[in-house]
Amino acid sequence: DGGITQSPKYLFRKEGQNVTLSCEQNLNHDAMYWYRQDPGQGLRLIYYSQIVNDFQKGDIAEGYSVSREKKESFPLTVTSAQKNPTAFYLCASKAGVSAGELFFGEGSRLTVL
Amino acid sequence: GIQVEQSPPDLILQEGANSTLRCNFSDSVNNLQWFHQNPWGQLINLFYIPSGTKQNGRLSATTVATERYSLLYISSSQTTDSGVYFCAARSYMDSNYQLIWGAGTKLIIKP
């Protein structure tokens, strides 16, 4: 089935450790996105990528890094520089960057102890 | 850039009731979507509707682009409709290709 797969679904880490969240899509979409959601809040854009080997900062990129070496993959690293990393992280993709429907993975819930 | 506002912020209804959720946007749009976030956090696409009217079962949506609003209708509500409903839009004028999100409407359907 076509879709977006995020892993892991739940992740616990100690403060000061880097963490990488995986996002893979088999929809042949060019554009991919990472969002952060805090409890009771809306979505905030961390990074997005319009094409392989290119990505742009969103509204809250500080303390995060990404790569886009393959069309189907857009991993997010939460670095130790992120002051408050505990959150729900959502990956999304769509066919193009302008119009078109955005689809989401099931999310990864990160808790930093 | 475009601003997106949703109302009401919270809505509590009995099972079987009908509801209307509203999304206002401040600029012309070429992309508007409605999503349902279930209690487990999953975001489910409801409608891609930059203009016009669509229906899917008990749900329907209308976007009046000239008046800069979109409405989501839920008829005969069920407890499984509970969750948060988000509207997201992108303006023709925005060069950064980002969808701008509303704050959501939290819907609780009581049995």
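In this text the structure is predicted, and so the values were computed from the model without any measurement. (Residues numbered from 1 in each chain as written. Chains lettered and ligands numbered in written order. Predicted model: local features only at pLDDT ≥ 70, side-chain atom pairs only at ≥ 80, totals over all residues. Heavy atoms only, no water.)

> Which parts of the structure should I look at to understand the overall build of chain A?
From N to C terminus, chain A includes zero helices and 11 strands. Ordered by position from N to C terminus, the α and β elements of chain A give β-β-β-β-β-β-β-β-β-β-β. For chain A, whose C-alpha radius of gyration is 13 Å, the value lies close to the compact-globule estimate of 13 Å for 113 residues. Out of the 113 residues in chain A, the part that is buried amounts to 46%. Relative to all contacts within chain A whose residues are 6 or more apart in sequence, the contacts with residues 24 or more apart total 51%. Accessible area of chain A: about 5600 Å², with a carbon and sulfur share of 47%. Positive and negative charge centroids in chain A, built from 12 and 12 side chains respectively, lie 6 Å apart. (Helix = DSSP H or I, 4+ residues; strand = E, 2+ residues; numbered from the N terminus. Rg over C-alpha atoms; globule rule 2.2 N^0.38 Å. Buried < 20%, exposed > 50% of the residue type's maximum accessible area, 1.4 Å probe, protein only. Contact = heavy atoms within 4.5 Å. Areas by Shrake-Rupley, 256 points an atom, 1.4 Å probe, with all protein chains shown as cover. Lys, Arg positive; Asp, Glu negative; His and termini not counted. Charge placed at Lys NZ, Arg CZ, Asp CG, Glu CD.)

> Where do I start with unusual backbone geometry in this structure?
Backbone phi values are negative for most residues with the exception of glycine, while trans is the configuration of most peptide bonds. In this structure, the amide linkage connecting Ser7(A) to the following residue, Pro8(A), adopts the cis form with an omega of -10°. Of note, Pro8(A) is situated in the loop between β1 (4–7) and β2 (10–13). Geometrically, the link from Ser7(B) to Pro8(B) is a cis peptide bond, its omega value of -10° lying close to zero. By secondary structure assignment, the location of Pro8(B) is in the loop between β1 (4–7) and β2 (10–14). One non-glycine residue, Asn28(A), lies in the positive phi region at around 60°. Taking the relative accessible area as the measure of exposure, Asn28(A) reaches 55% and is therefore exposed. Phi at Asn53(A) is positive, roughly 65°, even though this residue is not glycine. Mapped onto the secondary structure, Asn53(A) falls in the loop between β5 (43–51) and β6 (54–57).

> Just checking my understanding: could you explain the interface of chain B and chain A for this structure?
Counting from both sides, the interface comprises 18 residues of chain B and, opposite them, 24 residues of chain A. Here chain B packs against chain A, burying approximately 1600 Å² in sum over the two surfaces, 52% of which is carbon and sulfur. It is Tyr97(B), Gln98(B) and Trp101(B) that lose the most area in chain B upon contact with chain A, and together they represent 31% of the buried surface on that side. Between chain B and chain A we count zero salt bridges in total. Remark: the boundary between chain B and chain A carries seven residue pairs in polar contact (both at pLDDT 80 or more). Taken together, the elements giving at least two residues each to the side of chain B that touches chain A come down to β4 (29–37), β5 (43–48) and β9 (83–91) of chain B. Among the elements that take part in the side of chain B that touches chain A, β4(B) stands out by supplying five residues, more than any other. Here the residues of the side of chain B that touches chain A are counted per class, giving eight nonpolar, nine polar and one charged. (Buried area = accessible area lost by both parts, 1.4 Å probe. Salt bridge = Lys/Arg side-chain N within 4 Å of Asp/Glu carboxyl O. Polar contact = N/O pair within 3.5 Å; in protein donor to acceptor, adjacent residues only side chain to side chain. Nonpolar A, V, L, I, M, F, W, Y, C, P; charged D, E, K, R; others polar.)

> Explanation requested: the sheet that holds β1(B) in the structure shown.
The strands making up a sheet are joined through hydrogen bonds of the backbone, oriented either antiparallel or parallel. Residues and elements named next belong to chain B. The strand order across the open sheet built from five strands is β1-β3-β8-β7-β6, with neighbouring strands paired in antiparallel fashion. For this open sheet the edge positions go to β1 and β6 (52–56), each flanked by a neighbour on one side alone. Across the sheet, the mean angle separating the axes of adjacent strands is 15° when strand polarity is ignored. With four bridges connecting them, β1 and strand β3 (residues 19–25) associate as antiparallel partners. Paired with Val 4 across the two strands is Phe 25, which belongs to β3. (Pairing = 2+ DSSP bridges. Axes fitted to C-alpha atoms, helices over the stretch in contact; angles between N-to-C directions.)

> In this structure, what is going on with the sheet that holds strand β3 (residues 19–25) of chain A? I would like to understand it.
Residue and element names in this part refer to chain A. The antiparallel open sheet is built from four strands, whose spatial order is β1-β3-β8-β7. Looking at strand neighbours, the two that pair on one side only are β1 and β7 (64–66), the edges of this open sheet. Taking each pair of neighbouring strands and ignoring which way they run, the sheet shows an average axis angle of 20°. Here three bridges tie β3 to strand β8 (residues 76–78), and the two strands are oriented antiparallel to one another. The residue of β8 that forms the bridge with Thr 20 is Thr 77.

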